[in-house]
Amino acid sequence: MLSLYFEAWLVTHVSLDDKPDYVALSYTWGDPQDTEIITVEQSLVSVTRNLHSALEHLRYDNTDRVFWIDALCINQSDNEEKGWQVQLMREIYQRATSVSIWLGPADATSDKVVDFLNVLGTKAMSFGLDQGPNIIRCVSEQWRKLASHPLSFRDRSRQRVTVEDGNTGARVNFLMGDLNELYYSISGSHEQDRLFPVEGMASLFKRAWWGRIWVLQELSLAQKAGFVCGMKRLSRRRCTAALNAFKALGLVFQEMHILKGVMGTAYQSSVAMADFDWRPTVLLSMWNTHRRSPYPLLALLRATCIAGLYSQLKNITLEATDPRDKIYGLFGLAADRDRLKELGFLPDYTRSCQDVYISIAVAILRQGHLSALSLGQFSKAQTGLPSWVPDWSKPLGDTLQGVGTDHMTPDPEYNASGSLLQTEPIFSGIGATTSISVSGFAYDEVRDLGATWKDLCSLEYTTYPFVPAKKLLEELVRLSFLRDKIFKDLKERICAAARTVTAEIGYNDNGRWARIGNQRYHTAVSLMMIPVNGPCEMNLPNSGFLELIKSDGIQPGIDMISARKYCGEIAAKAHRRKPFVTAKGYLGLGPDHIKPGDVIAILIGSQVPFVLRKSVDRKYEIVGEAYVDGIMDGEAVARRESVGALELI
């Protein structure tokens, strides 16, 4: 521990068992070359400028204040000490009297932004917006109703409501009219004096602290935590409530635009399109989650490493200078850390990144989490990783399925391996040669490929926003004619294409992702009717197409709202994926590096099929997961009583 005595910092050695009174500091080191000198005991010690600034702002002039600071309390050059100190981090931040989070010095807008968040956060707390996602969803649904009314309408209901968050167990009581007034004050359609300072919030929430993997446990484990920016203070609860109000409002505006085609004001668009709230939302939601139902390590990795459509952008995932810290920085939070220890995994800075990533993948798969195979990337930044091991050092692309609020359960649900029971995988080899043997079988083979979403979006003549979706649908219908085995007529081909292009996932009537079957068939046909000239224009059998349109009662023209929603669904699933047709005639959507000759395999215990590439000695590399229309609900395993094993390298 460190305390300030006159102008020198004093070091005190204590045991956590003695319950010392101290403040744990959460901060970013900053540029290691940009340093200042402080006095520790009788020695001059170099610290980064950001840490020096934190100490200057957080010290008390007339009272001793005791801090725990990693840069000064851990020998950073001793890997062995760092390893066992990492295992103590959980207790250090959990037992601290408080955790002070240093965001940095004030800038031109930060004081006003922090003041705004303090005021709004206090109001939002009275509606439970400092709690879990269920309350946020309830608030957003109420605000959607208000947004659908004429601007002159004001709902000042005195009805008292009680809302319970199923994840945290929190219950809040409030007057519905008070919640409505909060919406009116920030919506941008009514009063204008309490609007979110979006640009200033972006500046504050894009500061370096929000992007660091270690801060997740530092914030989540703290009994009491507060943010410090310059001379301004903001409690964790107020910050959480204010940001959740922003998130709830953004969901309203996004639905108005995506599902209803309503274009809002410039302010409303800035709230809906804000790109700074992903990291803060993950960080601020975790402390509530951890109190009630801590996540296992795989769930924490999903929450912090998957960037989805934005996998090529910055400010999306939580980062670490040392790629091993993508695992070590989460270990203290993991609900299954004791089980991971039993399986032989412990933080150890003498191990290579390759060894750490392989070891944690083995431990996760031994717990039965076969869905982790969907997170592997065919190309990796870290060398020496088998194809089945995720490279956590870089942002991961989106999986076909999302996950539930537990960040573990795949959602919506597929069932490619049917009712066959998963068996424990078998591992062999060392390092890059480590292989995994899983129950499964090769079912089909990729034969022909179509153009990707990226290819179609880059065509010079593509100026109409629906054209890439139209072209991708046509690509899938074209592929269906190359293997004329399973489709009876044109309608079946279009239905299959309409399902495949979104992996059969879209918005349901409640605005949530779900399996939607053939609900987009009419919209798909309408999109394909758009007249566009270009090199990829498809020649559908005109007489058959026109006869189909007539028999199904499809009118010329297009429903813009339905088309906009469908195109958004297509973009979400087709991004960085490639359409294909198999030897047996199934349409599919797979990784963008898929090749003809790749194998479509069913791994028992996995909800989705996988694309594998043949290697030496009857072994396979994982290329990635795939949607294969017609075998997503156990059709491939029907009447199979036993399967073999596939060895993945």
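Rules behind the numbers
Numbering of residues begins from 1 in every chain and follows the order in which that chain's sequence is written. Two thresholds apply to this predicted model, a pLDDT of at least 70 for residue-level local features and 80 or more for giving and counting side-chain atom pairs, whereas whole-chain, interface and lining totals are computed over all residues. Hydrogens are left out, water is left out, and the side-chain values use all remaining heavy atoms of the structure. Helix and strand definitions follow DSSP, with helices as H or I runs of at least four residues and strands as E runs of at least two, each counted in order from the N terminus. Within these notes, the globule rule equals 2.2 Å times the number of residues to the 0.38 power, and the radius of gyration is based on C-alpha atoms. Remark: exposure states derive from per-residue accessible area (1.4 Å probe, protein chains only) relative to the maximum for the residue type, with buried under 20%, exposed over 50%, and partly exposed in between. We call two residues in contact whenever any of their non-hydrogen atoms come within 4.5 Å of each other. Each accessible area is a Shrake-Rupley estimate made with a 1.4 Å probe; only the visible protein chains count as cover when residues are assessed. Here, two cysteine sulfur atoms that lie within 2.5 Å of each other are counted as a disulfide. Two strands are said to pair when DSSP picks up at least two bridges between them. By definition here, a salt bridge exists when the distance from a side-chain nitrogen of Lys or Arg to a carboxyl oxygen of Asp or Glu is within 4 Å. A helix is expected to reach a length of 1.5 Å times the quantity of its residues less one. A residue's bend is the angle separating two fitted axes: one through the seven residues that end there, the other through the seven that start there. Polar contact is the term for a pair of N or O atoms within 3.5 Å; when the atoms are in protein, one must be able to donate a hydrogen and the other to accept it, and sequence-neighboring residues count only if both atoms are side-chain atoms. Think of it this way: a Phe, Tyr or Trp ring, Trp meaning its six-membered ring, pairs with another when their centres are within 6.5 Å, and the plane angle makes it stacked under 30 degrees, edge-to-face over 60, tilted otherwise. Axis definition: a line fitted to C-alpha atoms, limited for helices to the stretch in contact. Angles are taken between N-to-C directions and run from 0 to 180 degrees. Each angle receives one of four descriptions, namely roughly parallel if under 35 degrees, roughly antiparallel if over 145, roughly perpendicular if within 65 to 115, and oblique otherwise. Three classes are used: nonpolar for Ala, Val, Leu, Ile, Met, Phe, Trp, Tyr, Cys and Pro, charged for Asp, Glu, Lys and Arg, and polar for all others, with Gly counted as polar. It is the rotation of the near helix from the far one that decides the hand of a crossing: anticlockwise by less than a right angle makes it left-handed, clockwise makes it right-handed.

Draft legend 1. View of the overall build of the chain. What the chain contains, in helices and strands, is 21 helices and 24 strands. Here the chain has a C-alpha radius of gyration of 27 Å; the compact-globule value for 649 residues is 26 Å, and the two agree. A principal-axis box enclosing the C-alpha atoms of the chain has dimensions of 90 × 70 × 45 Å. Each of the 649 residues in the chain was classed as buried or not, and the buried ones make up 54%. Expressed as a percentage of contacts within the chain between residues at least 6 apart in sequence, the contacts between residues at least 24 apart total 73%. As presented, the chain carries roughly 28,500 Å² of accessible surface, and 49% of it is formed by carbon and sulfur atoms.

Draft legend 2. Expanded view of the state of the cysteines. In this structure the tally under the stated criterion is zero disulfides. Among the cysteines around Cys239, which has no disulfide bond, Cys229 carries the closest sulfur, lying 11 Å off. Between Cys457, a cysteine without a disulfide, and Cys567, which holds the nearest cysteine sulfur, the sulfur-to-sulfur distance is 9.8 Å. Judged by relative accessible area, which is 37%, Cys457 ranks as partly exposed.

Draft legend 3. Representation of the pairing of strand β15 (residues 435-449). Summarising the sheet, strand β14 (residues 426-428) and β15 pair through three bridges and their orientation is antiparallel. Residue pairing in the sheet places Ile426 in a bridge with Ser437 of β15. From the end of β14 to the start of β15, which pair antiparallel, there are six residues, and Gly429 there has a positive phi angle of about 90°. Bridge count for β15 against strand β24 (residues 644-648) is five bridges, and the pairing is antiparallel. From the neighbouring strand, Val438 faces β24, where its bridge partner is Leu646. Pairing of β15 with strand β20 (residues 599-603) involves five bridges; the strand directions are antiparallel. Residue pairing in the sheet places Glu445 in a bridge with Val599 of β20. Across three bridges, the pairing between β15 and strand β18 (residues 577-582) is antiparallel. Looking across to β18, one finds that Asp448 is bridged to Val581.

Draft legend 4. Expanded view of the pattern of salt bridges. The final tally for this structure, using the stated rule, is 34 salt bridges. The salt bridge partner of Glu475 is Arg478, with a shortest N-O separation of 3.1 Å. Of this pair, Glu475 and Arg478 both sit in helix α17 (residues 467-482), three residues apart, roughly one helical turn. For Arg478, a relative accessible area of 31% translates into the label partly exposed. A salt bridge links Arg515 to Glu504; the shortest N-O distance between them is 2.8 Å. Taken together, the residues span a long stretch of sequence, with Arg515 in strand β17 (residues 513-515) and Glu504 in the loop between α18 (490-500) and β16 (505-507) at a distance of eleven residues. The exposure class assigned to Arg515 is partly exposed, which follows from its relative accessible area of 24%. The exposure class of Glu504 is buried, given its relative accessible area of 11%.

Draft legend 5. Helix α3 (residues 79-95), seen in detail. With 17 residues, α3 extends 24 Å from end C-alpha to end C-alpha; this agrees with the ideal 24 Å at 1.5 Å per step. Taking the largest bend as the criterion, α3 deviates by roughly 45°, centred on Leu88. Put simply, Asp78 is the residue that caps the front of α3, since its side-chain oxygen is 3.0 Å from the backbone nitrogen of Glu80.

Draft legend 6. Spotlight on unusual backbone geometry. Put simply, Asp411 and Pro412 share a cis peptide bond, and its omega is -5°. In this fold, Pro412 is placed in the loop between β13 (410-411) and β14. Positive phi is not limited to glycine here, since His407 has a value of about 55°. Tracing the backbone through its elements, the reader meets His407 in the loop between β12 (402-403) and β13.

Draft legend 7. How the structure looks around the packing of aromatic side chains. For the coordinates displayed, the defined rule picks out 21 aromatic pairs. Each ring, one from Trp9 and one from Phe67, has its centre 6.1 Å from the other, and the planes form 65°; the classification is edge-to-face. Here Phe67 lies in strand β6 (residues 66-68) and Trp9 lies in strand β2 (residues 8-11), a separation of 58 residues in the sequence. Each of the two residues, Trp9 as well as Phe67, counts as buried. Ring pairs connect the aromatic residues Phe116, Phe196, Phe205, Trp209, Trp210, Phe227, Phe246 and Phe276, which therefore count as one cluster.

Draft legend 8. Representation of the packing of α18 against helix α19 (residues 521-528) within the structure. Relative to each other, α18 and α19 sit at 100°, their axes nearing to 9 Å. Put simply, α18 runs roughly perpendicular to α19. Contacts between α18 and α19 involve Lys491, Ile494, Cys495 and Ala498 on the former and, on the latter, Tyr521, Ala524, Val525 and Met528. Its residues placed into classes, the contact of α18 with α19 shows seven nonpolar, no polar and one charged.

Draft legend 9. Layout of the packing of α17 against helix α21 (residues 560-574). Two numbers describe how α17 lies on α21: the axes approach to 10 Å, and their chain directions differ by 65°. Crossing angle aside, the handedness with which α17 passes α21 is left-handed. For the pair formed by α17 and α21, the contact residues are Ala469, Leu472 and Leu473 on the first element and Tyr566, Cys567, Ile570 and Ala574 on the second. Here the contact of α17 with α21 is composed, by residue class, of seven nonpolar, no polar and no charged.

Draft legend 10. Representation of the pairing of β18. The buried fraction of β18 amounts to six of the six residues, a majority that puts the element mostly inside the structure. Neither face of β18 is open: one carries Arg577, Pro579 and Val581, the other Lys578, Phe580 and Thr582, and all of them are buried. Two elements, β18 and strand β19 (residues 587-591), share five bridges in a ladder whose sense is antiparallel. Residue Phe580 lies in a different strand from β19, and its bridge partner there is Gly588. What sits between the antiparallel neighbours β18 and β19 is a turn of four residues, in which Gly585 has the positive phi angle 100°.

Any link to function would need more than the numbers given here.
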